[in-house]
Amino acid sequence: MRTATDFRVTDLVAYFAGRWELDRKIVDSAGAGMAVFTGVACFTPDDDALVYQERGTLVMGEHRGPATRVLHFRVRGPGLADVHFDHGGFFHDLDLRHGRWSVRHPCRDDRYLGEFVIHGPDVWWQVWTVVGPAKSYTSTTAFRRMSIEDEA
């Protein structure tokens, strides 16, 4: 059985390209549930980048509705990318050559601490812990590669 750091990714396009089922849970700093998001993430190759698009349903309290997100993974070497928001601004770097990566992203007075872990060829997850005066929560997302049967 492989551990998270045993599965290394040197070709981001080959690893991520395609459709992934995603389940996200967001909890406050005390561990109480704040929101759940379920949907599909799609990585589409585009020149030297991967366009990440997620679509799904967000449930937050009494609210239930559609939610989307777009990011651009600009590949800059084996297992390496710079991740940008859809508006073009830099979000964070990514290095999955060892199967795990930790990042930081400042957002005004709040700080986003992220961790990416590759569990194998078809499973990975990311965790974002957000701390600061405006926000305080942890968002955990599990990704599972969708098979042709899942897409039918």
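Enquirer: Which residues make up the packing of aromatic side chains, and what values go with them?
Expert: What describes a pair of aromatic rings is the distance from one ring centre to the other and the angle between the planes of the rings. Inspection of every chain in the model, using the stated rule, returns 18 aromatic pairs. Here Tyr52 and Phe73 contribute two aromatic rings whose centre-to-centre distance is 6.2 Å and whose plane-to-plane angle is 45 degrees, an arrangement assigned as tilted. Of this pair, Tyr52 sits in strand β3 (residues 49-60) while Phe73 sits in strand β4 (residues 63-77), and the two are 21 residues apart along the sequence. Phe73 matches Tyr52 in its accessibility class, with the two residues each being buried.

Enquirer: Go over the nonpolar core, please, and point to the residues and values.
Expert: With 32 residues, the main nonpolar core has Phe16, Phe73 and Trp124 as its most contacted residues. Per-element accounting of this core gives the leading share, four residues, to strand β2 (residues 33-46). Sequence-distant contacts of Phe16, defined by excluding residues within four places in its chain, comprise Phe43, Leu50, Leu96, Ile118 and Trp124.

Enquirer: How would you explain the environment of Ser102 if you had to name every residue and give the values?
Expert: Within the secondary structure, Ser102 sits in strand β7 (residues 100-107). In this structure Ser102 comes out as exposed when scored by relative accessible area, which is 51%. If near-sequence neighbours (up to four positions away) are discounted, Ser102 is found in contact with Gly114 and Glu115.

Reading the values: the criteria
Residues numbered from 1 in each chain as written. Predicted model: local features only at pLDDT ≥ 70, side-chain atom pairs only at ≥ 80, totals over all residues. Heavy atoms only, no water. Phe/Tyr/Trp six-rings, centres within 6.5 Å; stacked < 30°, edge-to-face > 60°. Helix = DSSP H or I, 4+ residues; strand = E, 2+ residues; numbered from the N terminus. Buried < 20%, exposed > 50% of the residue type's maximum accessible area, 1.4 Å probe, protein only. Core = buried A, V, L, I, M, F, W, Y, C linked by side-chain atoms within 4.5 Å. Contact = heavy atoms within 4.5 Å.

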